[in-house]
Amino acid sequence: MAKNVSMAEEYLADHFPGFPVLPGVMMLEAATQTAAWLVRQTLGFAHSLILLREARGVRYGTFVSPGQTLTLAADTVEITPARSDFKVKGTVNGQTAIQARLELVHLNLADTDPLLAAADQRSLAIQQERWQTLTLRTPVPALGAAS
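What counts, and where the lines are drawn
- Residues numbered from 1 in each chain as written.
- Predicted model: local features only at pLDDT ≥ 70, side-chain atom pairs only at ≥ 80, totals over all residues.
- Heavy atoms only, no water.
- Patch = residues over 30% accessible without salt bridge, like charges linked within 9 Å, V, L, I, M, F, W, Y side chains within 5 Å.
- Areas by Shrake-Rupley, 256 points an atom, 1.4 Å probe, with all protein chains shown as cover.
- Salt bridge = Lys/Arg side-chain N within 4 Å of Asp/Glu carboxyl O.
- Helix = DSSP H or I, 4+ residues; strand = E, 2+ residues; numbered from the N terminus.
- Core = buried A, V, L, I, M, F, W, Y, C linked by side-chain atoms within 4.5 Å.
- Buried < 20%, exposed > 50% of the residue type's maximum accessible area, 1.4 Å probe, protein only.
- Contact = heavy atoms within 4.5 Å.
- Pairing = 2+ DSSP bridges.
- Axes fitted to C-alpha atoms, helices over the stretch in contact; angles between N-to-C directions.
- Phe/Tyr/Trp six-rings, centres within 6.5 Å; stacked < 30°, edge-to-face > 60°.

S.K.: Just checking my understanding: could you explain a nonpolar patch on the surface for this structure?
M.R.: On the surface, Phe16, Phe19 and Phe63 cluster together into a nonpolar patch covering about 310 Å² of accessible area. As for its placement among the helices and strands, Phe19 is situated in the loop between strand 1 (2–4) and helix 1 (24–42).

Laid out in structure tokens, this is it:
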């Protein structure tokens, strides 16, 4: 996955004045989301929540500035129904911007309250739609085709 950094992102005005760069916590979030999408796809969208349980060995390298693209990769160490482990790396122009080991936990709201099963289903439907958009798997009508 990739994160294009734009000066239009308001938080860059304060991080840092005169030297805007993508905050490390945003790089970590992007890495977590990259791994979470891999879990969703691998487990067939079985969980409405994929959350960061632990980040270990987080190291930052080069800065990510407006106009640059942070390219993220998540290498699977293990994916089970309840949890997963990944080695993640983000690069900019071939240089490492972030690397870490992430542990994610996979949950459904209905696991703690059966009355929340409908909320799980709505969340999963939205995530599947978003995945299709992200991977351009939504059918595109042919030119001249009737709508």
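Okay, back to it.
S.K.: Is there a simple way to explain the nonpolar core in this structure?
M.R.: Buried together is how nonpolar side chains tend to be arranged in soluble globular proteins. Judged by nonpolar contacts, the single largest core of 23 residues is most densely connected at Met27, Val64, Leu70, Phe86, Val88 and Leu104. For this core, the secondary-structure elements that each account for two or more residues are helix 1, strand 3 (69–79), strand 4 (83–92) and strand 5 (95–107). Ranked by the residues each element gives to this core, the list is headed by helix 1, at seven residues.

S.K.: Even after reading the chapter, I still don't get the environment of Pro81, so can you show me in this structure?
M.R.: Relative to the helices and strands, Pro81 is located in the loop between strand 3 and strand 4. Those residues in contact with Pro81, other than ones at most four positions away along the chain, are Leu43, His47 and His106.

S.K.: Would you mind showing me how to read the sheet that holds strand 5 here?
M.R.: Ordered in space as 1-3-4-5-2, the five strands form an open sheet in which the pairing is antiparallel. Looking at the sheet topology across the chains shown, the edges are occupied by strand 1 and strand 2 (49–60). Between one strand and the next, the sheet's axes are offset by a mean angle of 25°, whatever the strand orientation. Both strand 4 and strand 5 contribute to a ladder of 10 bridges, which runs antiparallel. Each residue of the ladder has a partner; that of Lys89, found in strand 5, is Gln99.

S.K.: Just to check I follow, could you spell out the pairing of strand 5 for this structure?
M.R.: Strand residues, when the strand is regular, have side chains that alternate between the two faces of the sheet. Across nine bridges, strand 2 lies against strand 5 in antiparallel orientation. Looking at strand 5, one finds that Glu54 is bridged to Glu103.

S.K.: Would you mind showing me how to read the packing of aromatic side chains here?
M.R.: The geometry of an aromatic ring pair is captured by the separation of the ring centres together with the interplanar angle, meaning the angle of the planes. Following the criterion strictly, the structure yields two aromatic pairs and no others. Seen in terms of ring centroids, Phe19 and Phe63 are 5.1 Å apart; in terms of plane orientation they differ by 90°. Their pairing is edge-to-face. Of this pair, Phe19 sits in the loop between strand 1 and helix 1 while Phe63 sits in the loop between strand 2 and strand 3, placing them 44 residues apart in sequence. Overall, Phe19 belongs to the partly exposed group, its relative accessible area being 41%. Residue class for Phe63 comes out partly exposed when judged on its relative accessible area of 48%.

S.K.: Got a minute to help me understand the environment of Ala2 in this structure?
M.R.: Note that Ala2 resides in strand 1. For the pair Ala2 and Gln95, spaced 93 residues apart in the sequence, the C-alpha separation amounts to 14 Å. Ignoring sequence-local partners within four residues, the contact set of Ala2 consists of Thr69, Leu70 and Thr71.

S.K.: Would you take a moment to explain unusual backbone geometry for this structure?
M.R.: Trans peptide bonds make up the majority, and among non-glycine residues the majority have a negative phi. Following His15, the chain continues into Phe16 via a peptide bond in cis, with omega recorded as -5°. In this structure, Phe16 sits in the loop between strand 1 and helix 1. The backbone of Phe45 sits at a positive phi, close to 55°, despite the residue not being glycine. Relative to the helices and strands, Phe45 resides in the loop between helix 1 and strand 2. The phi dihedral of Asn93 falls on the positive side, at around 50°, and the residue is not glycine. Checked against the element boundaries, Asn93 lands in the loop between strand 4 and strand 5.

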